[in-house]
Amino acid sequence: MNAPPAIDHAALAENMPLDEINVSDPKIYQQDVWMHYFRRLRRDAPVHYCKDSPIGPFWSVTKYKDIVATEVNHKVFSSSSALGGITLRDRPAELELPMFIAMDPPRHDDQRKIVQPIVSPANLENFSGLIRSRIARTLDSLPRGEVFDWVDRVSIELTGQMLATLFDFPFEDRRKLTYWSDVATTDLANPDRLIESEEEREKVFGECLAYFMRLWNERVNAKEPGGDLISMLAHGQATRDMSPREYLGNVVLLIVGGNDTTRNSMSGSVWFFDQNPQEYAKLRANPALLESAVPEIIRYQTPLSYMRRTALADAEIGGRKIRKGDKIAMWYISGNRDEDVIEDPDRFIIDRPRPRQHLSFGFGIHRCVGNRLGELQLKILWEEILARDLKIEVVAPPKRLFSSFVHGITQLQVRIQP
Amino acid sequence: MPRVTFVAHDGTQREVDAPVGESVMRAAVLNNVPGIDADCGGECACATCHVYVDEAWLGKLAAPSEMEASMLAFVDGSQPNSRLSCQIKATAELDGLVVNLPKSQH
Ligand code: HEM
Ligand code: FES
């Protein structure tokens, strides 16, 4: 087979007509060439209108400050799933999946408050011992001197275990959680898709719901409500009367939110340190730098490339007129490389002075609930890698996910020196 | 210049100058007061600049905006005297303001 001629995306992005740029094309993430297009947009069309794409017309907000301004204006820029929710592709109305990330106040606020205590500082302290022992066991079980896939053996394994703990989900079935998460985010245009159609997605969601209904029914009748997420939903005032569809929506939200994002940060971190040996040397010499290295990993990966909003009224972003009903993507992945806010943004630097100044968790009322939990898992992972002084060698560049939403790594071949 | 006292969770006190018109958050960050993260840089969008305002001063502050109230609703350990320090502007009347810091910003 002949390989297609390599395209020089840096040159292409510089020279193509602005209105032909479509940053929602999943291929530019799979090929890891997205940065060229956003660099051009930030400079020449920071709030950009793509009038023609397979998912219809949409606006792109690419500068850090404009993204924050859009996020805090939640009265005008709605997250509601009734209008299309938080991803650019509109799903058929009858397949609407209500979840609080895709709701506006007051419903959003009521439901978020139910879930939030699971990741309170006190609860995180309780979790941390368990997370550490599981990470230790997983690292000790890895082969030495042999090539294996870090994504499967470490990133998926650890985040799957974490999710099972949050839900108090039967531990032996935890890969089901990973599968449901992957089905939920599969782009149907992906040549490697897990499912063929929305009907099939609905079928898998049906299995997921049936499983979770069983757990709900067990827990709703428990005399002592447990501290897990399902018990919280089953007993919480704002959630206990949810329809099954709404329960499913919130379960999917927590599975995807707590899974993909942390998984891809774990995979990304190994690749970033491999590519930046001087940064790893700094960390090895001074493990206290993990405090700033962890947020830098999360900025540099940007596990969710964007969130979508829909304009409820005519408005303005960065001087451009947005019309009622327009779709807007806030590209965190671009804002995190905005040279006006972050110095030397294309470099991975683990001792930045203000490392938490990034958009990966979003801002405003939808700002990630699980941010500290995500950080905690990454921190403990690297503490335990350092404690063992594992020399992880990446043997092939990462394979990347076909998606403009989940910025993911699907395979990372590594070898740990014996 | 108005002075603001930050009382850390362990009781340690720090008194700093807060230029009129600047926010209490900025006064903390400019003086490296630990315990104020201010991830969003003062846009009322992250709630990591959370403080508990000393009761004696509460009445002297302008009421929180709707956005601030929304963000405070999700803060861990939110209390009636919770405020986001990026939304408190230093004024002459606030000279001597005392705010207490939570154990951690979440
Ligand atoms: C590195 C890890 C993570 C990243 C990068 C991340 C990213 C995000 C982003 C971008 C949002 C939307 C913010 C917005 O619209 O302004 C979000 C919301 C959310 N995340 Fe995370 N997340 C991570 C980990 C987690 C974990 C571990 C959990 C589970 C406990 C979680 C649960 C949620 C939930 C429930 C929401 C919805 C919040 C709301 O709408 O009020 N996330 N996350
Ligand atoms: S600094 Fe972010 S809300 Fe105050």
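Residues numbered from 1 in each chain as written. Chains lettered and ligands numbered in written order. Predicted model: local features only at pLDDT ≥ 70, side-chain atom pairs only at ≥ 80, totals over all residues. Heavy atoms only, no water.

So, on to the overall build of chain B. Within chain B, the secondary structure is distributed over three helices and five strands. Beginning at the N terminus, the succession of helices and strands in chain B can be written as β-β-α-β-α-α-β-β. The globule rule puts the C-alpha radius of gyration for 106 residues at 13 Å, and the 12 Å found for chain B is close to it. Buried residues in chain B amount to 47% of all 106 residues. Considering only contacts within chain B whose residues lie at least 6 apart along the sequence, 63% involve residues at least 24 apart. Of the charged side chains in chain B, 7 are positive and 14 negative; the average position of the first set lies 3 Å away from that of the second. (Helix = DSSP H or I, 4+ residues; strand = E, 2+ residues; numbered from the N terminus. Rg over C-alpha atoms; globule rule 2.2 N^0.38 Å. Buried < 20%, exposed > 50% of the residue type's maximum accessible area, 1.4 Å probe, protein only. Contact = heavy atoms within 4.5 Å. Lys, Arg positive; Asp, Glu negative; His and termini not counted. Charge placed at Lys NZ, Arg CZ, Asp CG, Glu CD.)

With that out of the way, let us pick up the pairing of strand β2 (residues 13-17) of chain B. Residue and element names in this part refer to chain B. Summarising the sheet, strand β1 (residues 3-7) and β2 pair through five bridges and their orientation is antiparallel. Residue V4 lies in a different strand from β2, and its bridge partner there is V16. Where β1 folds back on β2, the antiparallel hairpin that results is connected by five residues, among which G11 adopts a positive phi of roughly 95°. (Pairing = 2+ DSSP bridges.)

With that settled, the discussion passes to the pattern of salt bridges. Residue and element names in this part refer to chain A. Scanning the model with the defined rule gives 51 salt bridges over all chains in all. As a salt-bridge pair, R175 and E157 come within 3.0 Å of each other at their nearest N and O atoms. Taken together, the residues R175 in helix α8 (residues 174-185) and E157 in helix α7 (residues 150-167) connect sequence positions 18 residues apart. Two residues, R372 and E375, come together in a salt bridge whose shortest N-O distance is 3.2 Å. On the criterion of helical spacing, the pair formed by R372 and E375 is a turn pair, its members being three residues apart in helix α15 (residues 371-388). Take R372 and E375: they sit in the same class, and that class is buried. Three or more residues are tied together by salt bridges with common partners; here these are R132, D140, E291, K379, E383, E384 and R388. (Salt bridge = Lys/Arg side-chain N within 4 Å of Asp/Glu carboxyl O.)

So, about the site of ligand 1. Residues and elements named next belong to chain A. Contacts to ligand 1 come from 27 residues, most closely from E71, H108, R112, H366 and C368. Separating an oxygen atom of ligand 1 from a side-chain N or O atom of H108 is a distance of 2.6 Å. Contact between ligand 1 and G257: a nitrogen atom at 3.2 Å from a main-chain N or O atom of the residue. At the level of elements, α5 (107-115), α11 (244-275) and β5 (306-311) are the ones that each hand at least two residues to the shell around ligand 1. Per-element tally for the shell around ligand 1: the top contributor is α11, with seven residues. Tallied by class, the residues present in the shell around ligand 1 amount to 13 nonpolar, ten polar and four charged. (Near = heavy atom within 4 Å. Polar contact = N/O pair within 3.5 Å; in protein donor to acceptor, adjacent residues only side chain to side chain. Nonpolar A, V, L, I, M, F, W, Y, C, P; charged D, E, K, R; others polar.)

The subject of this paragraph is the confidence of the model for chain B. Detailed reading of predicted coordinates is not advised where the pLDDT is low. For chain B, the mean per-residue pLDDT works out to 95, and 100% of the residues sit at or above 70. What the predictor reports for the complex is a pTM of 0.95 with an ipTM of 0.93. (pLDDT = per-residue confidence, 0-100.)

Exactly one donor from the protein chain reaches the iron atom of ligand 1: C368(A) (SG), at 2.2 Å. Locating C368(A) in the fold gives a position in the loop between α14 (332-335) and α15. (Donors = N, O, S within 2.8 Å, 3.2 Å for Na, K, Ca; no water.)

Right, let's talk about the interface of chain A and chain B for a bit. Quite often, the size of an interface is put as the accessible area lost when its parts meet. Facing the 23 residues of chain A at the interface are 22 residues of chain B. In this assembly, chain A packs against chain B so that about 1,700 Å² is buried in total across both faces, 55% of it on carbon and sulfur atoms. Put simply, chain A and chain B have four salt bridges between them. Elements that contribute at least two residues to the side of chain A that touches chain B include exactly α4 (64-72), α5 and α6 (121-140) of chain A. Considering every element that reaches the side of chain A that touches chain B, the biggest residue donor is α5(A), with four residues. For the side of chain A that touches chain B, the residue count by class is eight nonpolar, six polar and nine charged. (Buried area = accessible area lost by both parts, 1.4 Å probe.)

Its place among the elements puts E14(A) in helix α1 (residues 9-15). When the C-alpha positions of E14(A) and H36(A) are compared, they lie 7.7 Å apart, and in sequence the two are 22 residues distant.

Moving on, we come to α7(A). All names here are of chain A. In a regular helix each residue adds 1.5 Å, so 18 residues correspond to 26 Å; α7 covers 25 Å between its end C-alpha atoms and thus fits that length. Maximum bend of α7: about 30°, positioned at I156. Extensive coverage of α7 is indicated by the burial of 16 of its 18 residues. Regarding α7, its N-cap is D149, as a side-chain oxygen of that residue lies 3.0 Å from the backbone nitrogen of V151 further along. (Expected span 1.5 Å × (residues − 1). Bend = angle between axes of the 7 residues up to and from the residue.)

Another point: unusual backbone geometry. Residue and element names in this part refer to chain A. Residue P106 is reached from P105 by a cis peptide bond, and omega for that bond is 0°. Along the polypeptide, P106 turns up in the loop between β3 (77-78) and α5. Look at D344: it is not a glycine, yet its phi comes out positive at around 50°. Following the sequence through the fold, D344 ends up in the loop between α14 and α15.

Most often, soluble globular proteins have nonpolar side chains that are buried together. If you look at the biggest cluster of nonpolar residues, it comprises 135 residues, and the most contacted ones within it are V23(A), W150(A), F167(A), F212(A), W331(A) and L381(A). If you tally residues by element for this core, the top one is α11(A), at 13 residues. With 32 residues, the next largest nonpolar core counts V33(B), C44(B), V53(B) and M67(B) among its residues. (Core = buried A, V, L, I, M, F, W, Y, C linked by side-chain atoms within 4.5 Å.)

Moving on: empty space enclosed by the protein. Residues and elements named next belong to chain A. In the structure shown here, the tally under the stated rule is one cavity of 30 Å³ or more. Every residue along the wall of the largest cavity is listed here: L130, I131, R134, I135, L158, Q161, M162, T165, M266 and Q377. Taken together, the elements giving at least two residues each to the lining of the largest cavity come down to α6 and α7. Looking at side-chain class alone, the lining of the largest cavity contains six nonpolar, three polar and one charged residues. (1 Å grid on protein atoms, 1.4 Å probe; cavity = no way out; pocket = protein on both sides within 12 Å on 5 of 7 lines; lining within 4 Å. Points joined across faces, edges and corners; volume = space filled by probe spheres on them.)

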